[in-house]
Amino acid sequence: MLKIALIGCGFFAQNQLNGWKDLESVEVVALCDRDRNRLDAVGDAFRIARRFTDAAEMFAEGGFGAVDIATTVSSHRALVEMAADAGLHVICQKPFAQTLTDARHMVEAVERAGKTLMVHENFRWQSPVRAVIEALRGGAIGTPFFGRVSFRSAYDVFSGQPYLAEGERFIIEDLGIHILDISRALFGDVDRITATTRRVNPRIRGEDVATMLLSHASGVTSVVDCSYATRRMPETFPETLIEIDGTGGVLRLDAGYRLTIQKGGGTESRDVSPQLLPWAEKPWHNIQESVAIIQRHFTECLRAGIQPETSGRDNLRTLALVEAAYRSAAEARSVDPGEL
Ligand code: NAD
Ligand code: 89V
């Protein structure tokens, strides 16, 4: 049985707690939040008795082998380093760190402790996206040369996550990070990125539109475009739409979770909708299912003693892309993420 402590009982943590509950080999034995009311509400709802308002106290008491960090980014470095000092495996929400320097220190701290560090970078684990990744990796359309990974919506994310309206940065840091990570999962690492950003919604501080052009080392060119200012019907939140052209055919993941592959003059189309788990609700069920999938991956990697696909070290490259995109937009030039 893997015993886990979870830190951060806010908006998203209930998905993580529901996901852990469904895994027979896992028990969440302790909870922490600085906010006593939230801590008690979540502790009561999930019947978790050991509760802490101070993470240091929880780490000192111990009694668990891994920690799930579900707080917002400004607390991640301190919490990951405390977990490494306590000799624990770690799963930490995205964005993993506020700066690349912090992220590198966090990865090194957990590596020094000889433990596993996974970033909760769950979009590439959404089952419709996974179906695309598997088809592409299985050679369904030959060698890809063009991709578009697109997330466009006007869904009100600010009511559930008010902090998203307040930061100097918004869409690339919060959402684009997932879409850039999907592009990496599909086409590999990136040599150059060119980005433009724009704020359309006057009631928020950061950018809510970003358009990015990526040159991958594999030779693929991809467009990653994100918007929370796109009012269209049907509203596709939180679907990522994907188009890939390859030497042997084309692949499309269209709205409504329909995967179509055209090759050799034929067309194959199938429904790759995510499951609606008993604790999930539409339209979030796609993201909620991916939480359960990424958690299963974490426990399987621990059992097998292997690195998770979305390990801390892997995530350094996604974070570098985020930083490179902001730099590109600010300086109106293309940026090699390797220079950061
Ligand atoms: P939230 O603000 O609703 O909740 C965060 C909670 O953490 C709060 O209750 C706060 O009191 C607590 N907290 C903060 N620092 C703490 C500390 N040092 N010790 C103890 N408690 C602390 O935030 P949220 O919307 O739940 O987001 C949490 C994280 O999850 C963010 O990084 C966000 O980007 C991420 N997120 C990921 C997804 C996804 O699909 N992967 C979706 C939504 C949010
Ligand atoms: O997945 C996320 O990180 C969320 C949202 C989908 C709203 O962007 O913050």
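Calculation criteria
Residues numbered from 1 in each chain as written. Chains lettered and ligands numbered in written order. Predicted model: local features only at pLDDT ≥ 70, side-chain atom pairs only at ≥ 80, totals over all residues. Heavy atoms only, no water. UniProt positions renumbered as here; feature names shortened; annotations may be inferred. Helix = DSSP H or I, 4+ residues; strand = E, 2+ residues; numbered from the N terminus. Pairing = 2+ DSSP bridges. Axes fitted to C-alpha atoms, helices over the stretch in contact; angles between N-to-C directions. Contact = heavy atoms within 4.5 Å. Domains from an automatic or database assignment. Buried area = accessible area lost by both parts, 1.4 Å probe. Salt bridge = Lys/Arg side-chain N within 4 Å of Asp/Glu carboxyl O.

- In the annotation of an unreviewed UniProt entry, the entry for the protein chain reads Gfo/Idh/MocA family oxidoreductase, and the organism field reads Paracoccus saliphilus.

**Here's the deal with the UniProt feature "domain: Gfo/Idh/MocA-like oxidoreductase N-terminal" (unreviewed entry) in the protein chain**
No. 1: According to UniProt, the feature "domain: Gfo/Idh/MocA-like oxidoreductase N-terminal" (unreviewed entry) maps to residues 2–119 in the numbering used here.
No. 2: In residues 2–119, the share of helix is 42% and the share of strand is 24%. The end C-alpha atoms are 18 Å apart.

**What about the UniProt feature "domain: GFO/IDH/MocA-like oxidoreductase" (unreviewed entry) in the protein chain?**
No. 1: In the numbering used here, UniProt assigns the feature "domain: GFO/IDH/MocA-like oxidoreductase" (unreviewed entry) to residues 129–251.
No. 2: The annotated region residues 129–251 carries 21% helix and 34% strand content, and the separation between its end C-alpha atoms amounts to 12 Å.

**Section: the sheet that holds strand β1 (residues 2–7)**
No. 1: Pairing in this open sheet of six strands is parallel, and the strands run β3-β2-β1-β4-β5-β6 from one edge to the other. Looking at strand neighbours, the two that pair on one side only are β3 (50–52) and β6 (117–120), the edges of this open sheet. On average, each strand axis in the sheet is inclined to that of its neighbour by 25 degrees, with strand direction left out of account.
No. 2: By the bridge criterion, four bridges tie strand β5 (residues 89–93) to β6 in an arrangement that is parallel. By the bridge assignment, Gln-93 is partnered in β6 with His-120.
No. 3: Across the sheet, helix α4 (residues 76–85) lies against β1, β4 (66–69) and β5, angled at about 170 degrees from β5, the strand it touches most.

**Focus on the domain arrangement of the protein chain**
No. 1: Under the domain assignment, the protein chain is made up of domain 1 (2–115) and domain 2 (124–339).
No. 2: Taking only C-alpha atoms into account, the centre of domain 1 sits 25 Å from that of domain 2.
No. 3: Contacts between the two partners involve 29 residues from domain 1 and, on the opposite side, 25 residues from domain 2.
No. 4: Here domain 1 meets domain 2 over a buried area of about 2300 Å², counting both sides, of which 73% is carbon and sulfur.
No. 5: Its largest share of buried area at the contact with domain 2, domain 1 owes to Phe-11, Lys-94 and Leu-100, together 24% of the area lost on that side.
No. 6: Linking domain 1 to domain 2 there are two salt bridges.
No. 7: As a salt-bridge pair, Asp-174 and Lys-94 come within 3.0 Å of each other at their nearest N and O atoms.
No. 8: Those elements that provide at least two residues to the side of domain 1 that touches domain 2 are α1 (13–21), β4, β5 and α5 (100–112).
No. 9: With six residues, the single largest contributor to the side of domain 1 that touches domain 2 is α5.

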